[in-house]
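Residue-level structure breakdown
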Amino acid sequence: MREALALLARDLKLAWREGGAIGVALGFYLVVIAITPLGLGPDLNLLARIAPGMLWVALLLAALLSAGRLFENDYEDGSLDVLTTGALPLAAVAAVKCLAHWLTTGVPLALLAPVLGLLLNLPLEAMPWLVLSMLAGTPAVSFVAGIGASLTLGLRRSGLLLALLVLPLYVPVLIFGVAAASAAITGPASPWPPFLMLCALSLAAIVLAPIAAAAALRTALR
Amino acid sequence: MQQTFGLAAHKLGCQRGGRTIFRDLSFELAPGQALLVSGPNGAGKTSLLRQIAGLLPLAAGELHLEGASPDHALPELCHYVGHLNAVKPSLSVGENLQFWSTFLGGAGADVRNALAAFGLAPLADLHAGLLSAGQKRRLALSRLVAAPRPIWLLDEPQTSLDAASLELLDAAIGAHLASGGIAVVASHTPLKSKFAHKLALGKERVR
Amino acid sequence: MISLANPTRFLELAARAIPWLAVAALLLIGIGLYLAFFVAPPDYQQGETVRIMFVHVPSAWLAMFGYVLIAIAALGTLIWRHPLADVAAKAAAPIGATFCFVALVTGSLWGKPMWGTYWVWDARLTSMLVLFLLYLGLIALWQAIEEPGRAGRAAAILALVGVVNIPIIKFSVDWWNTLHQPASIIRPGGPSIDPSMLAPLFVMAVGFTLLFVLLHLIAMRAEILRRRVRAMQQRQIEHAALVEA
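We now turn to the structure provided with this report. Computed from a predicted model, the values in this text were never measured in an experiment.

**Structural notes on the overall build of chain A**
For chain A, the helix and strand inventory stands at 10 helices and zero strands. Shown N-terminal to C-terminal, the secondary structure of chain A runs as helices and strands in the order α-α-α-α-α-α-α-α-α-α. Referenced to the eigenvectors of the C-alpha coordinate spread, the extents of chain A come out at roughly 55 × 35 × 30 Å. Within chain A, the proportion of its 222 residues that are buried is 60%. The long-range share in chain A, meaning contacts at least 24 apart out of those at least 6 apart in sequence, stands at 82%. Just so you have it, chain A exposes about 8500 Å², and 74% of that area is on carbon and sulfur atoms.

**Considering the sheet that holds strand E7 (residues 182–186) of chain B**
All names here are of chain B. The parallel open sheet is built from five strands, whose spatial order is E5-E6-E7-E3-E8. Of all the strands in the sheet, just strand E5 (78–81) and strand E8 (197–200) have a single pairing partner and so form its edges. Each neighbouring strand pair of the sheet contributes to a mean axis angle of 15 degrees, computed without reference to strand direction. As defined by bridge partners, strand E3 (residues 34–38) adjoins E8 across four bridges and the pair is classed as parallel. When the bridges of E8 are listed, Ser-38 appears paired with Ala-200. In this fold helix H1 (residues 45–53) packs onto E3, E5, strand E6 (151–155), E7 and E8, with an angle of close to 155 degrees to the strand it touches most, E6. Against the sheet, helix H5 (residues 163–178) touches E3, E6 and E7, its axis set at about 155 degrees to E6.

**Thoughts on the sheet that holds strand E2 (residues 19–29) of chain B**
Residue and element names in this part refer to chain B. In spatial order, the strands read E2-E1-E4; together these three strands make up an open sheet with antiparallel pairing. Each edge of the open sheet carries a strand with a single partner, namely E2 and strand E4 (60–66). Strand-to-strand twist of the sheet, defined as the mean angle between neighbouring strand axes without regard to direction, takes the value 15 degrees. Contacts from H1 reach strand E1 (6–16), E2 and E4 within the one sheet, and its direction differs from that of E1 by about 120 degrees.

**A word on the interface of chain B and chain A**
Contacts between the two partners involve 29 residues from chain B and, on the opposite side, 28 residues from chain A. Together chain B and chain A conceal approximately 2400 Å² of surface at their shared face, both sides included; 59% is due to carbon and sulfur atoms. One salt bridge connects A:Asp77 with B:Lys88, and the closest N-O pair in it is separated by 2.9 Å. For the interface between chain B and chain A, the tally reads 11 residue pairs in polar contact (both at pLDDT 80 or more). Counting residues per element, the ones that place at least two in the side of chain B that touches chain A are H1, E5 and helix H2 (93–103) of chain B. Residue contributions to the side of chain B that touches chain A peak at five residues, all from H2(B). A per-class count over the side of chain B that touches chain A returns 15 nonpolar, seven polar and seven charged.

Calculation rules
Residues numbered from 1 in each chain as written. Chains lettered and ligands numbered in written order. Predicted model: local features only at pLDDT ≥ 70, side-chain atom pairs only at ≥ 80, totals over all residues. Heavy atoms only, no water. Helix = DSSP H or I, 4+ residues; strand = E, 2+ residues; numbered from the N terminus. Buried < 20%, exposed > 50% of the residue type's maximum accessible area, 1.4 Å probe, protein only. Contact = heavy atoms within 4.5 Å. Areas by Shrake-Rupley, 256 points an atom, 1.4 Å probe, with all protein chains shown as cover. Pairing = 2+ DSSP bridges. Axes fitted to C-alpha atoms, helices over the stretch in contact; angles between N-to-C directions. Buried area = accessible area lost by both parts, 1.4 Å probe. Salt bridge = Lys/Arg side-chain N within 4 Å of Asp/Glu carboxyl O. Polar contact = N/O pair within 3.5 Å; in protein donor to acceptor, adjacent residues only side chain to side chain. Nonpolar A, V, L, I, M, F, W, Y, C, P; charged D, E, K, R; others polar.

The following block contains the structure:
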């Protein structure tokens, strides 16, 4: 357990000190949302209708931007080799790193979303559920990104390949996330069923994704 | 007193990318003994070390840990110091070592001893990114003392080290062997440590 | 299974099976197409355009069959370490992707007269599109990793992750939208398609399946031979290095 906490603390410290990656992800999120109305026109009603979906799609892309660094850094400087010799199982190592990614990327993006929602005329009453749905869904995003990152470790163009591999797997998260976020706007449908599905998806991802990621890491380390 | 183990390899085979790197490799190390593995590049020195560390699967043969109970896993008893240093530039020297010490099962005092053993104490608060190549290598090697593990696997440990640092390395290996530990060292250049066994790889090409 | 593990034996068996499969597949597809276009009656609602179903539905089935095949091969690679498992997976991916693509195109063409547009985001077509993306991911991963051992294992992991996700994706897409015709073949209370349409459908399905197996065996042979050439080239390089030394 202390090994897991030490690894988490180290990864959080590194993310904080090498602050660049979080900043870039947040900046990317801002840029994509900012140019959307330029592409679609400033019709506020239209923007308000697409806001939850747009905010979710842009969040997925922004999260994927920083997913490459999940294992790449440790792989390149030899730390990953040494991490496998610890008492902590490799699946737990992968889980801790995905958790660190969620805390340093998923959560900030989710918290920024309502602010960006203002740019898209998102109604204020939709904001709590937007944030809640994102906080519930981004663990799945980070943990599934871990699978993609471990499969593409050390490959050329790994960023693009990672996105190609992982985005289809995000379809359920996206569907339920947008449904939960927009339920407050679109009327009587309750946000609870999709929200609970999101929680279930995240829990399943937290448990199962590290196993696949560890297998992929072992394969890459040979 | 740390538990001591022996390591025996029986007819090990290694394959990478579908090609056979070596086969029928055997050796036996009793506690307190060291093995020097030499050979040209590509002969399989790194592959052998990685097989013992559990990073590369065995294509053939077995590795046997003498004196171990079933819940001992070989990789968890090894220190693996490869070509890369596993040093994070944005953490300080002390933070780097403290992390590895905790992660690999060391105690608080071990970090101070490790810094001292490799002459890094004055650099402890510096960001590791500022270190020279030799200092980074010493930081990587100081992991060996930062957590107690019976089996040391060193891949060209002397890279970037000056004469004084080589002395520190030899002293550390000597102390480790004296307390019953085992070391497998891959190296082109001679080290002062006494090696009970030597293995030269790559003498015959495998068809 | 074990006897098939030897690539040479497999090549022999494949070589013998391929001509028979080719004849059988062509025959059945030929009969199926004849039945589909000349014998089966037009649908009372959709008219003649329903005939596209006889290509669309079997293609969709085989797209799913292909992915399941890859998933089973993935288990073969990761758990049983069957030597031909990754060859089977690698060979099946483009074939499955093509059937998936055919299903998408025929689905779109079938939809145009019914819905008025070439694409509608209904549950079935959307799920098929996501399946196509999963296939593309597998193929891209195979291409991106040079070392065949690692490529095989990585693709196997991805295939298993995908196969676990497919039901979840399907469920979520269904939940999201239901415009497409409900699955009219397998339904409690029997198929709702007229038996005169069922026969050509099954003939086409079996014919397509044989076609899949045929293409798969051909592709596996090609892959095995490709690997042999690579191994020979590697030995040549090593021998040359020895002679120089």
